[in-house]
Amino acid sequence: MLGLLAFTTLALQGQVADTSPFRALTLPTPTRVRSASGAPGPDYWQQEASYTIQATLDTAAQTLRGSERIHYVNHSPDSLAFVWIQVEQNIFAANSITYTLNQPPLVFAGGVSFDFTGKGFIGGGVMEKFEALGTPLVRRGYGTMMRVELPAPLAPGAAIDFDVAWHFPIPPYGGGRMGRIGTHLYELGQWYPRLVVYDDVNGWNPLPYIGAGEFYLEYGDYDVTLTVPAGFVVGSTGTVQNPDVVYTPEQRARLARALTSDTGIAIITRAEATTHNAQRTAGTKVWHFAAKNVRDFAWCASPDYRWDASGYHGIQINTLSRPEARPWDEAHRMAHFTIRYFSETWYPYPWPQATTCEGLVEGMEYPMITFVPALPKREDQFWDLMHEFGHEWFPMVVGSDERRYPWMDEGFNSFIDYGAAESYFQGTAYGDTVRRELLSAAQLSALPGREQPMINKPVEQRDLAWAAYQKPPLMLTLLRDAVLDSATFNRAFREYIRRWAFKHPQPAEFFRTMANVSGKDLDWFWREWVFTTARLDQAVDSVKAVGTDSTFVFLSNRAQMVMPVTLELAYPDGTRERRALPIEMWNLGSRFTARFATRKPVVAVTVDPARIYPDVDRSNNRWGR
Ligand SMILES: [Zn+2]
């Protein structure tokens, strides 16, 4: 009888099971590869792709030419008849999807724009050879993807070596991710053919490189030999294997000092860089690099670079910039701060060095190396440099699928970036308020009929700046500050990083880890923030004194999104107090009556007094005077 009564009450309130905001989120069934707790399962596997590359930079022909051996290990339980290879320079081929679509550049708040094309440049890669054991393999290109038939199915546990040769003309502007300035500065990414990820969720992941979606890549080891003009200084993923050849004795001595210095030591001074560039050495020099357990390899090269270095826990931090780059003098301090801050806050930086190259690229990240421009405003300079280094954590350490889920890459990175900016600029107006720009962004971008769910692919997002860079940090900030608490959130988020370091998490692993470690059912939260465009409108409808010692506050939730309520009660003597109500207040519907013990009459009530929510109608947030 009691059960029936309860059912009747719910029915009267119009609550049907399938519209409750608290209904369970439909996630993939846990497996022995991906556990119900969100951790990798006992049978977790991923493929391995290691590369030995020799490449030559021809500055006269503006061509990069290379040969490589790819060592590919099949750790999957499946036999593979073919492999997919990414050949991303084909984004600049005349017939590429990107050129055919001719989409406008991605414009960020503040006017920074990111053009995914080559700005009229026609290029593309030429595959000279793709062999295994001396036998050419049958291959077919599909734009930025290429399928290669294997001579025989690759059995589980087996490995194969591919011998590849290629070249491509270097675009002056490479889609905002790579490029060159004349013949004196090169930033090189997406430059060698690399394996597409084969995983337990989608099998092969040959989603085309159109521009907006970044890279989903396997981990492996790299041995890279670069032949460049003799006067060039090279920064890259990995560590230099032949320092005696590429550095002067004086540079090596300075480097040794830098490793134990918290502040930048000039390895190449501004004066030396200026003289050096003027001299221009003839001939070529060979730089040899090696990197372990990384998902990509990129490099920059210029005869113009000045070079500052410092050390943090044995990690060599490098900034390379042209003498005329302004303001770049503080950049090394910013770089050192960033590596230390993220290491101490989230997860220790796992590689032996971290390099930032100044140049034409608006901001791009690769393992151990980032491309960052010189920007006139100090805050912008910090943000760009720090943001690109933040990518060392997402997605270089936590190797998520960027081509599908930019919110797990740009979004998680942007979230940790706000903490870094608050810390670097602590005590300044900028440091105290920078995170509030996310609420302004919500007002501008989270518009009915226009906003799209965060879960949509990056190439489908009409407002990628909001969906990938702004909404995710707002979401995580509110999860931390309004739903959980800092200690609980930080522990769960750190655990997500630890569990999925050097692995391939999917959204479900993040949701499950956060729920399991925090002990909270967060299905409702992810549904609203990730899978829908639900909006929030909390309201205080009325307030009524009950006797002399209690007050009823009648609250309503007038839009689709539910969030916990914090309210502030004001008294006639000018005093105020805040009360927090848990999310369970909305379990039974969109109206809730809160009863508070109050010894004084309540003259005003304000919902969300700290204004941390993107509440779409603040006019109903206050009752009283
Ligand atoms: Zn980014």
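Draft legend 1. Broad picture of the overall build of the protein chain. When helices and strands are tallied, the protein chain shows 15 helices and 34 strands. Since a compact globule built from 625 residues should have a radius of gyration of about 25 Å, the 27 Å found for the protein chain is in line with a globular shape. When the 625 residues of the protein chain are sorted by exposure, 59% land in the buried category. Long-range pairs, those at least 24 residues apart, make up 73% of the contacts in the protein chain with a sequence separation of at least 6. Looking at the protein chain as shown, the accessible area adds up to about 25,000 Å², and 55% of this sits on carbon and sulfur atoms. A distance of 5 Å separates the average location of the 59 positive side-chain charges in the protein chain from that of its 67 negative side-chain charges.

Draft legend 2. Expanded view of the coordination of the zinc ion. Protein ligation of the zinc ion involves His387 (NE2), His391 (NE2), Glu410 (OE) and Glu410 (OE), the donor distances falling in the range 1.9 to 2.7 Å. In primary sequence terms, the donor set of the zinc ion follows H-x3-H-x18-E. Side by side, histidine 387 and histidine 391 carry an identical accessibility label, which is buried.

Draft legend 3. Broad picture of the sheet that holds strand β23 (residues 306-312). Pairing is mixed in the open sheet, where 6 strands are placed in the order β20-β23-β24-β25-β27-β26. Each edge of the open sheet carries a strand with a single partner, namely β20 (265-268) and β26 (364-366). Averaged over all pairs of adjacent strands, the angle between strand axes in this sheet comes to 20 degrees, irrespective of strand direction. Examined bridge by bridge, strand β24 (residues 315-321) and strand β25 (residues 353-358) share 5 bridges and lie parallel to one another. By the bridge assignment for β25, isoleucine 317 is matched with alanine 354. Contacting β25, β26 and β27 (369-372), helix α7 (residues 378-390) runs over the sheet at an angle of about 155 degrees to β27.

Draft legend 4. Focus on the packing of aromatic side chains. Scanning the entire structure with this criterion turns up 62 aromatic pairs. Taken together, a centroid distance of 6.0 Å and an interplanar angle of 70 degrees make the contact between tryptophan 166 and tryptophan 191 edge-to-face. Within this pair, whereas tryptophan 166 is found in strand β10 (residues 159-169), its partner tryptophan 191 is found in the loop between β13 (185-188) and β14 (194-195), the two being separated by 25 residues in sequence. Note on tryptophan 191: relative accessible area 2%, which makes it buried. Centre to centre, the rings of phenylalanine 289 and phenylalanine 297 are 6.4 Å apart; their planes meet at 65 degrees, and the pair counts as edge-to-face. Assessed through its relative accessible area of 0%, phenylalanine 297 is described here as buried. Looking at lysine 119, its charged tip hangs above the ring of tyrosine 173, at a distance of 3.9 Å from the centre.

Draft legend 5. Quick look at the packing of helix α13 (residues 486-500) against helix α14 (residues 507-518). Where α13 contacts α14, the axes come no closer than 9 Å and their chain directions differ by 135 degrees. One finds that α13 runs oblique with respect to α14. The hand of the α13/α14 crossing is right-handed. The residues of α14 that touch α13, namely those facing Thr488, Phe489, Arg491, Ala492, Phe493, Glu495, Tyr496, Arg499 and Trp500, are Glu509, Phe510, Thr513, Met514, Val517 and Ser518. Its residues assigned to classes, the contact of α13 with α14 comprises 8 nonpolar, 3 polar and 4 charged.

Draft legend 6. Looking closely at the pattern of salt bridges. Applying the stated rule across the entire model yields 38 salt bridges. The salt bridge partner of lysine 471 is glutamate 451, with a shortest N-O separation of 3.0 Å. Of this pair, lysine 471 sits in helix α12 (residues 464-483) while glutamate 451 sits in the loop between α11 (437-445) and α12, placing them 20 residues apart in sequence. On the accessibility criterion, glutamate 451 (11% relative accessible area) is buried. Arginine 558 is the partner of aspartate 541 in a salt bridge, and the nearest nitrogen-oxygen pair spans 2.5 Å. Here arginine 558 lies in the loop between β29 (550-557) and β30 (565-570) and aspartate 541 lies in strand β28 (residues 538-546), a separation of 17 residues in the sequence. For aspartate 541, a relative accessible area of 28% translates into the label partly exposed. Taking relative accessible area as the criterion, arginine 558 reaches 48% and is therefore assigned partly exposed. Three or more residues are tied together by salt bridges with common partners; here these are Arg270, Arg306, Asp308 and Asp329.

Draft legend 7. The arrangement of the sheet that holds β10 in detail. The strand order β7-β6-β10-β2-β1-β17-β21-β19 describes an open sheet built from 8 strands, whose pairing is mixed. If you trace the sheet from one side to the other, it starts and ends with β7 (135-136) and β19 (239-240), each paired once. Taken together, the 11 bridges between strand β2 (residues 63-73) and β10 define a ladder with antiparallel strand orientation. Opposite arginine 65, over in β10, you have histidine 167 as the bridge partner.

Draft legend 8. Main features of the environment of arginine 23. Mapped onto the secondary structure, arginine 23 falls in the loop between α1 (2-12) and β1 (48-58). Since its relative accessible area comes to 31%, arginine 23 is described here as partly exposed. When the C-alpha atoms of arginine 23 and aspartate 523 are compared, they prove to be 7.5 Å apart, with 500 residues separating the residues in sequence. A distance of 2.8 Å separates a polar atom in the side chain of arginine 23 from the backbone oxygen of serine 20.

Draft legend 9. How the structure looks around unusual backbone geometry. The residue after arginine 326, namely proline 327, is reached through a cis peptide bond having omega -15 degrees. Checked against the element boundaries, proline 327 lands in the loop between β24 and α6 (331-345). Cis geometry marks the peptide bond from phenylalanine 394 to proline 395, where omega comes out at 15 degrees. In this model, histidine 313 sits at a positive phi of 50 degrees, which is unusual for a non-glycine residue. For aspartate 608, which is not glycine, the phi dihedral falls at a positive 55 degrees. Here aspartate 608 shows up in the loop between β33 (604-607) and β34 (622-624). Accessibility expressed as a relative area gives 4% for aspartate 608, which makes it buried.

The rules behind these values
- Residues numbered from 1 in each chain as written.
- Predicted model: local features only at pLDDT ≥ 70, side-chain atom pairs only at ≥ 80, totals over all residues.
- Heavy atoms only, no water.
- Helix = DSSP H or I, 4+ residues; strand = E, 2+ residues; numbered from the N terminus.
- Rg over C-alpha atoms; globule rule 2.2 N^0.38 Å.
- Buried < 20%, exposed > 50% of the residue type's maximum accessible area, 1.4 Å probe, protein only.
- Contact = heavy atoms within 4.5 Å.
- Areas by Shrake-Rupley, 256 points an atom, 1.4 Å probe, with all protein chains shown as cover.
- Lys, Arg positive; Asp, Glu negative; His and termini not counted.
- Charge placed at Lys NZ, Arg CZ, Asp CG, Glu CD.
- Donors = N, O, S within 2.8 Å, 3.2 Å for Na, K, Ca; no water.
- Pairing = 2+ DSSP bridges.
- Axes fitted to C-alpha atoms, helices over the stretch in contact; angles between N-to-C directions.
- Phe/Tyr/Trp six-rings, centres within 6.5 Å; stacked < 30°, edge-to-face > 60°.
- Lys NZ or Arg CZ within 6 Å of the ring centre and 35° of its normal.
- Parallel < 35°, antiparallel > 145°, perpendicular 65-115°, else oblique.
- Left-handed = near helix turned anticlockwise from the far one by under 90°.
- Nonpolar A, V, L, I, M, F, W, Y, C, P; charged D, E, K, R; others polar.
- Salt bridge = Lys/Arg side-chain N within 4 Å of Asp/Glu carboxyl O.
- Polar contact = N/O pair within 3.5 Å; in protein donor to acceptor, adjacent residues only side chain to side chain.

Read these as layout, nothing more, since geometry by itself doesn't imply function.
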